[in-house]
Amino acid sequence: NSFVTRTNTCGELRSAHVGQKVMLYGWVQYQRQGLFLVLRDFQGLTQIIIPQDEEHAHVKELLSNAPVESVVRVTGIVSPRPPGQENPKMPTGDIEVKAETAEVLNSCKKLPFEIKDFIKKSEALRMQYRYLDLRSFQLQSNLRLRSRMVMRMREYLCNLHGFVDVETPTLFKRTPGGAKEFLVPSREAGKFYSLPQSPQQFKQLLMVGGLDRYFQVARCYRDEGSRPDRQPEFTQIDIEMSFVDQAGIQRLIEGMLQHSWPEKRGSIVTPFPSMTYKEALAEYGTDKPDTRFGMKIVDISDVLRRSNIHFVQNALSYPHGSIRAICIPQGVKYLTNKDLESLKESAKSQFNQEIVEIIRRPDGSLKSLLTKFLGEKEQSELIQALNMQGDDVVLLAAGDHKQVCSALGTLRLLSANLLEAAGLALRDPMAFHFLWVVDFPLFLPKAENPTELESAHHPFTAPHPSDASLLYSDPAKVRSQHYDLVLNGSEVGGGSIRIHSAEQQRFVLEKVLKEDSEVLSHLLEALEFGAPPHGGIALGLDRLISLIVDAPSIRDVIAFPKSFRGRDLMGNAPHYVTPEELEPYHIQVSWPLEEKEAKKN
């Protein structure tokens, strides 16, 4: 209550305040028959008793007629609630304030929706009236938790470990590779700035500049369609250090998360477990495994190698052929035939992968199209390899190793959703399973042209020391010094040890990636002036907070997010500008025919 004229907030009055005269400010949450109202502010709720005597008729009229969500000031005496009328669900439930004076500071017009968390509202309406949506308890709670965590992170990095908080430019130029960047026109004809997708180059240049330890709560931009966990503008906890290795960065992040972790979410145990990219793909079918539940992918190639099943033998005849399966616990009980068909269809449509199901009956026997091809010994080995229990359902896939694992990894997550929807508790929403994924490939074949390579993450990542010589002879086989931090199946951070040799960086850009190195001439030149070995990481703050508060979307932890299509529905942005405003930037808009007609009308 410092610097303001209220005596207390609406969430702090208790029995100890009985008899005190208080002044409260807040929004009218609820009003009942001119007898009492509930006043709300950022901290909580207080019940206000509306006076019924003639002397306070003016106060009664004001408070009885104030529309819901109007802003009012009330002064009165804190009193105990009558016996039996206490509300144990409210922190202020033992008291009420008997109003003596009141003032409606601002009346509220008819609301587009009720300001209550349990009222369902369309997301478009929430975005359009975001300033009203922000009054909800859940959004207030999310934003305050986010603020506290960022403050604790700053404290850990700057006060305890000597990091320097540096703001880097927002207007820069295009970076080769990576996500699409927003362009910003300049007054020089044909020349554009780019909004950086991350401060990657600047933080490396700060290491060349000798700052040793850099940190920033960085605003970043990507010109991509929004998804539940992505926005065109987003926030990273951006970090870079000199003279560090992968283990050092990992210890730093584990310590920072422990230091800033909200008490109400329990404690997190360090060090976090680690898994290679190959292991993650083989066991979970993804490079961001959700380790809160089992159902791991199991290699059953050896079990079926001697079988006479044609598609199995065909798959195993290829160099990377593999037979793998996942076991869905109690699948017969919790999944319908329609569910199983939808899982098979997902594998077919997304990965062109056929799936065969195997059911273990309660009597221990197997039911499947495959059983007639399998002897008792093979069936027994299959049950043992997959640890099948009665009523379990196995989904089996055969083919290329990566395709089979990716398909089963997707089915694993879809199956978990179906099991939970049917009532089986599988993933604890209050459990937080962190995991480091390491030893990623440095390069991947381009989707549009598999004979060419692109960076698996970005072109500044250093090769694994054990694979350094392969960079010049067989770059497709090189592992990187990249590491991802995964939480409950979502990537919340990624970083790497950087290339600090100008010669090696130029080779990667020009010879491996076939990029024009001229656009990065400033960075290449900087690396020639005694660049120290360095590495770093960036944590996606929006995604991290959304997982901690169990929000369905990162839009629920951002004060003013963009819509699913990347639009600001409240301010109607992006918006048209006039030809006169475009003239200094040497830009003319070529309108599609239908938009020309729409503008005329």
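- The chain is annotated in an unreviewed UniProt entry as SYDM protein from Dasyornis broadbenti.
- Per UniProt, the chain carries the Sequence similarities (unreviewed entry) text "Belongs to the class-II aminoacyl-tRNA synthetase family. Type 1 subfamily."

**So, the overall build of the chain**
- The number of helices and strands found in the chain is 19 helices and 22 strands.
- Dimensions of the chain, computed from the C-alpha atoms along their principal axes, are close to 95 × 75 × 60 Å.
- Within the chain, buried positions represent 47% of all 601 residues.
- Partitioning the contacts of the chain with sequence separation of at least 6, the portion at a separation of at least 24 is 66%.

**Let's talk about a nonpolar patch on the surface**
- Together, Tyr 131, Phe 560 and Met 570 make up an exposed nonpolar region whose accessible area comes to about 310 Å².
- Checked against the element boundaries, Tyr 131 lands in helix 3 (residues 130–133).
- By relative accessible area, Tyr 131 is classed as partly exposed at 45%.

**Here's the deal with the pairing of strand 22 (residues 534–540)**
- Of all seven residues in strand 22, six are buried; the element is thus mostly enclosed.
- As judged from the five bridges shared by strand 21 (residues 490–497) and strand 22, these two strands associate in the antiparallel manner. Across the sheet, the residue bridging to Ile 497 is Gly 535, located in strand 22.

**A look at the nonpolar core**
- In terms of nonpolar packing, the biggest core is built from 51 residues, with Ile 239, Ile 253, Met 256, Leu 257 and Leu 485 touching the most fellow members.
- Examining the composition of this core, we find that six residues originate from one element, helix 4 (residues 137–161), more than from any other.
- Apart from the residues lying within four places of it in its own chain, the contact partners of Leu 257 are Met 153, Ile 268, Phe 272, Phe 434, Leu 485, Leu 539 and Leu 544.
- Core analysis: the next-biggest nonpolar cluster, separate from the first, contains 23 residues, Leu 281, Met 295, Ile 326 and Leu 411 among them.

**Examining the packing of aromatic side chains**
- Applying the stated criterion across every chain yields a total of nine aromatic pairs.
- Ring geometry for Tyr 30 and Phe 36: centres 6.2 Å apart, planes at 50°, overall tilted.
- The interplanar angle of 80° and the centroid separation of 5.1 Å between the aromatic rings of Trp 261 and Phe 432 together place this pair among those described as edge-to-face. Here the residue Trp 261 occupies a position in the loop between helix 6 (246–260) and strand 11 (274–276), and Phe 432 occupies one in the loop between helix 13 (401–421) and strand 17 (434–438), the gap between them amounting to 171 residues.

**Topic: the pattern of salt bridges**
- Taken as a whole and assessed by the stated rule, the structure comprises 35 salt bridges.
- A salt bridge links Asp 238 to Lys 203; the nearest nitrogen and oxygen atoms lie 2.9 Å apart. In this pair, Asp 238 is assigned in strand 10 (residues 233–242) and Lys 203 in helix 5 (residues 200–208), connecting sequence segments 35 residues apart.
- In this structure Asp 238 comes out as buried when scored by relative accessible area, which is 0%.
- When its relative accessible area of 2% is taken as the criterion, Lys 203 is described as buried.
- The partner of Arg 427 in a salt bridge is Glu 420, with the nearest N and O atoms 2.8 Å apart.
- Residue class for Glu 420 comes out partly exposed when judged on its relative accessible area of 28%.
- Look at the salt bridges and you will find they share partners, linking Arg 126, Arg 130, Asp 133 and Asp 556 into a network.

**Focus on the environment of Asp 439**
- Positionally, Asp 439 belongs in the loop between strand 17 and strand 18 (443–445).
- Measuring from C-alpha to C-alpha, the distance between Asp 439 and Glu 279 comes to 9.9 Å, with 160 residues separating the pair along the chain.
- Those residues within four positions of Asp 439 in sequence are excluded, and the remaining contacts are Thr 276, Tyr 277, His 464, Arg 479, Ser 480 and His 482.

**A closer look at the sheet that holds strand 4 (residues 71–80)**
- Read once around its circumference, the closed barrel built from five strands follows the order 1-2-3-5-4, with strand pairing classed as mixed. Neighbour-to-neighbour, the strand axes of the sheet open up by a mean angle of 55°, direction not taken into account.
- Direction of pairing for strand 2 (residues 36–40) relative to strand 3 (residues 45–49): antiparallel, over a ladder of five bridges. Bridge pairing in strand 3 links Leu 37 to Ile 48.

Basis of the calculations
- Residues numbered from 1 in each chain as written.
- Predicted model: local features only at pLDDT ≥ 70, side-chain atom pairs only at ≥ 80, totals over all residues.
- Heavy atoms only, no water.
- UniProt positions renumbered as here; feature names shortened; annotations may be inferred.
- Helix = DSSP H or I, 4+ residues; strand = E, 2+ residues; numbered from the N terminus.
- Buried < 20%, exposed > 50% of the residue type's maximum accessible area, 1.4 Å probe, protein only.
- Contact = heavy atoms within 4.5 Å.
- Patch = residues over 30% accessible without salt bridge, like charges linked within 9 Å, V, L, I, M, F, W, Y side chains within 5 Å.
- Areas by Shrake-Rupley, 256 points an atom, 1.4 Å probe, with all protein chains shown as cover.
- Salt bridge = Lys/Arg side-chain N within 4 Å of Asp/Glu carboxyl O.
- Pairing = 2+ DSSP bridges.
- Core = buried A, V, L, I, M, F, W, Y, C linked by side-chain atoms within 4.5 Å.
- Phe/Tyr/Trp six-rings, centres within 6.5 Å; stacked < 30°, edge-to-face > 60°.
- Axes fitted to C-alpha atoms, helices over the stretch in contact; angles between N-to-C directions.

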